[in-house]
Amino acid sequence: MSAPMRKNYEPHAVESAWYEWWLKKEFFKADNQSTKEKFVMVIPPPNVTGTLHLGHALTNSIQDSITRWHRMNGRNALWVPGTDHAGIATQSVIEKKLWKTGQTRHDLGRAKFLEKAWEWKDQYAARITGQLKSIGSSLDWSRECFTMDEKLSKAVTEAFVRMFNDGIIYRDVRLVNWCCQLNTAISDIEVDKVDLDKRTLIAVPGYDKKYEFGAIWDFAYKVEGSDEEIVVSTTRPETMLGDTAVAVHPTDERYQHLIGKNLIHPFVDRVFPIIADGELVDKAFGTGAVKVTPAHDPNDFKCGKRNGLAMISIFTDNGVLNENCGKFSGMKRFDAREAVVEALKEKNLFRGTRDNPMVLGLCSRSKDVIEPILKPQWWVDCKDMAKRAIQVVENKEMEILPPHHEATWYRWLTDIQDWCISRQLWWGHQIPAYLVYPRGSQRPTGATNSDWVVGRTPEEATAAARAKFPQVPEADLVLERDGDVLDTWFSSGLFPFSVFGWPDNTADLEKFYPGSLLETGQDIIFFWVARMVMLGLQLTDKVPFKQVFLHAMVRDAHGKKMSKSLGNVIDPMDMIRGITLEDLHKQLHEGNLDPKEVERATLAQKEDFPKGIPECGTDAMRFALCAYTSQGASINLDVQRVAAYRNFCNKLWNAVKLSNMVMGDKFVPQEKPMSKGETEWERWILSKLQTTIEAVNNGFKFYDFAQATSAIYSFWLYDFCDNYLESLKPIIYGDANDASVAARQASGREVVYTCVDVGLRLLSPFMPFLTEELWHRIPRRPQDSTESICVAEFPQSVPAWADEEVERQVKFVQEAVSGVRRMRSSFQLTKQKPKLYYNTTSQEVEELLKKFTETLAFFTSCSEPEIVLNMKEVPEGCSVEMINENTQAYMTVKGMVNVEEEISKLEKKKEKTEGDRAKLLKTTQAAAYSKVPEAKKAENTAKLDSLQQEIDTMASTISNYKKFL
């Protein structure tokens, strides 16, 4: 800090050292013995699947700003860092890397695969930590955790054991959403729903060609011992190999005589009944007959349960048809689809196909088509927990913001289904349940709780097994631990209290749980938020946080969802440091995308970032992301807008440099800020500062970050820089030997200091690096020994500064200045100092303008204006501009310029500009223009608009000049 300020703001220089200094000083470390009011928040733990993206940057910018505001307000602020093991996502990424080398996880074995996973975790968790620090996140790193570390794993085991013993976790054979590509079950909310309005060919992972979806096929079953048949329809012809009934409506006269008779399966040795089921069948829909495949369809499963039907599974875990499928056994499921249709045609049972609008379920991770499959799994009974989660919002124990999300909360929790928590993975928390049976006896199926015992340790599980089989010697008991792991969201759901050491009664748990706020994206209200609330209430009997604030989702500038395969995902570090287009392409080739996706993403990057991404710096990125939060459901992020906030940072830099020049090297601020300004301008800027203080504090209180950022941006840029600092120039450069001038200079310096000091502290939560740097470059008030702006007192309201009357007066003066500036611009007067008059019919306005004659002359670059009440004769050679209904400005134009010469110059320039525009327009109308990249087209459109604006301005100026010929 001993070096002089650089000429311009350079983000990398400003951001290089402050974070390590903050850590060294332990400004972010919370005290579990403190008596201060607390503020506690846990980070939504990023997945260790790679690096952070702009969605994480948004989340962390908002959360850090909130935490810093609370810390500056004197609270014992704790923001807990951590990362998530992300079972499916991480295992999927690692397996993709193995596939590229021709290996699978099974080639490695579980132990070796887990070693690879831990190596991945160590590498990427360190990278994520580095990114979080670069973003300026004021996290308490002494409390950093990982969802699979010893402390959190203990909590996971404890939760499972307790909930099993309480009957909330249970074992059952039920339909699950099965991903054949990943070989695991996934929950309903991990299934992407794709709407198809007609027959569509779709690529399926693991296949070399595309398959038809969005169609419905009709075929017939023959009635046993009869020439009759029943025609049924299906969107999945291959599943007919698992049909165990056809259902009709009990009141449907067409089929009443067939109820109870059997149908003959054409491809396997099986007959099955025609049943009556009014719940499943709508007799007015289709043929009124429905094929029933209980093992592969949720509605059919319920029908099968009601009617005691056989449940025949036809798929292996890999999506291959199993031994129950006759000649189709061994085929992949979608190859079998086509084969079944052809075989039906051969047997003259095929009755046609047609378009069928439908919703296709895809695995959100692998994009494989989800297959409903019967599996014995572990389930969580959510109904009672969901009721409590609804109640805490209804009775205001927990507040959801914005409030419109409450309706979604109630709807989802009211209709909640039991939660399948088994995952057929290796990376994750292995389920602490053991299949137990006496050696030599038949191995149980493991389909129900009675086949299992649970234990926090193998010893505890053994003790439970001995209690279950007291007559069997321990040596004769077989205990097989479940090889599955728990759904990642189960451990994440414990995060608000597991990070503090639950189930142990730690000092941190006692002090910091429950938390104050949960801030996250609205897309995980079900994945994470609801489950944290349910598990928190169940296991701790406390709501895990008092408020939930859900922010919008980040999309690209075109409103598209960010996706690596689309090439529009931005690494926040690239926005902070800047990156060339070539290096963006290089990142695509180093990732896990297939060649076609790389090609598509490369083209998208060329269009969106033709010149790469400019260096914006952390502070500009954070400020932009917080400012964007007013957009509602989604945030369409334009990189150029972030770059514009980099310019704002430069403006701040120069403003503080100028302020230091105004204050001088020997300036020492007063012990306390002045209670009121001496001049109108001083009273005005302090009143604007008071308005800004209230707006920023209210923005934080009510999570209206757009209001807070807009207020502070407006104060710095328009109020302080463009107006107050400018208004000071005639005074500061005045004669200091004049006592009145010296007094105005002294009060002006004090007001400048107050504005800069308060303005930097208001901005600090959003722009921590820049404000720290600048705050250390201005003086401190006497007795102020605060080490860092991040622990300085956040500005509070000063009602004495509020002055609506002076704000009204200055606003009118600004309008009077703007009118004259418009006239100067229309005549393209730059260096000339024309004579200026203001005419008004209002005595109040006359007195007001006379108070501000010095300001009016300086801001309009005119001679000192003459203020006239009820002007009788308009001065010769003047242009006029209306200020309001009773006030006009007159500016001398004649004699200021050679009118004929100016008209001639402008007409020549206008003619050339019209030619340039016509040439460009012709280019855009050429036949080959359709092949021009979209980015270039956009550039040309903007250029055409700019040239037209220049032409219109010149035409207007020529017209104005001609009035004086």
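Note that the structure is a prediction, hence the values are computed from the model and not measured.

Conventions adopted
- Residues numbered from 1 in each chain as written.
- Predicted model: local features only at pLDDT ≥ 70, side-chain atom pairs only at ≥ 80, totals over all residues.
- Heavy atoms only, no water.
- Domains from an automatic or database assignment.
- Buried area = accessible area lost by both parts, 1.4 Å probe.
- Salt bridge = Lys/Arg side-chain N within 4 Å of Asp/Glu carboxyl O.
- Polar contact = N/O pair within 3.5 Å; in protein donor to acceptor, adjacent residues only side chain to side chain.
- Helix = DSSP H or I, 4+ residues; strand = E, 2+ residues; numbered from the N terminus.
- Nonpolar A, V, L, I, M, F, W, Y, C, P; charged D, E, K, R; others polar.
- Buried < 20%, exposed > 50% of the residue type's maximum accessible area, 1.4 Å probe, protein only.
- Pairing = 2+ DSSP bridges.

### Remarks on the domain arrangement of the protein chain
Accessible area lost during the coming together of the parts is what is often quoted as the interface size.
Working step 1: In terms of domain boundaries, the protein chain breaks down into domain 1 (31-167 + 384-412 + 487-551), domain 2 (196-373), domain 3 (634-802), domain 4 (806-892) and domain 5 (909-963).
Working step 2: Area buried by domain 1 at its contact with domain 3 is led by Arg 68, Trp 69 and Met 72, which between them contribute 46% of it.
Working step 3: Between the two partners, domain 1 and domain 3, sit zero salt bridges.
Working step 4: At the boundary of domain 1 and domain 3, one finds five residue pairs in polar contact (both at pLDDT 80 or more).
Working step 5: At the level of secondary structure, the elements contributing two or more residues to the side of domain 1 that touches domain 3 comprise helix 3 (54-72), helix 6 (110-134) and strand 27 (545-551).
Working step 6: No other element matches the nine residues that helix 3 contributes to the side of domain 1 that touches domain 3.
Working step 7: Broken down by class, the residue content of the side of domain 1 that touches domain 3 amounts to ten nonpolar, five polar and three charged.

### Here's the deal with the pairing of strand 2 (residues 76-80)
Working step 1: Counting buried positions along strand 2 gives five out of five residues, so the element sits mostly inside the fold.
Working step 2: Here strand 2 shows no split at all, with Asn 76, Leu 78 and Val 80 on one side and Ala 77 and Trp 79 on the other all buried.
Working step 3: Sheet analysis places strand 1 (residues 38-42) next to strand 2, joined by five bridges and oriented parallel. The partner of Val 42 across the bridge, within strand 2, is Val 80.

### Some points on the pattern of salt bridges
Working step 1: Inspection of every chain in the model, using the stated rule, returns 59 salt bridges.
Working step 2: The partner of Lys 222 in a salt bridge is Glu 229, with the nearest N and O atoms 3.1 Å apart.
Working step 3: Under the relative-accessibility criterion, Lys 222 is labelled partly exposed at 35%.
Working step 4: A relative accessible area of 28% places Glu 229 in the partly exposed class.
Working step 5: Glu 474 serves as the salt-bridge partner of Arg 466, at 3.3 Å between the closest nitrogen and oxygen.
Working step 6: For Arg 466, a relative accessible area of 46% translates into the label partly exposed.
Working step 7: Residue class for Glu 474 comes out partly exposed when judged on its relative accessible area of 42%.
Working step 8: Through salt bridges with shared partners, one network takes in Glu 158, Arg 162, Arg 456 and Glu 460.

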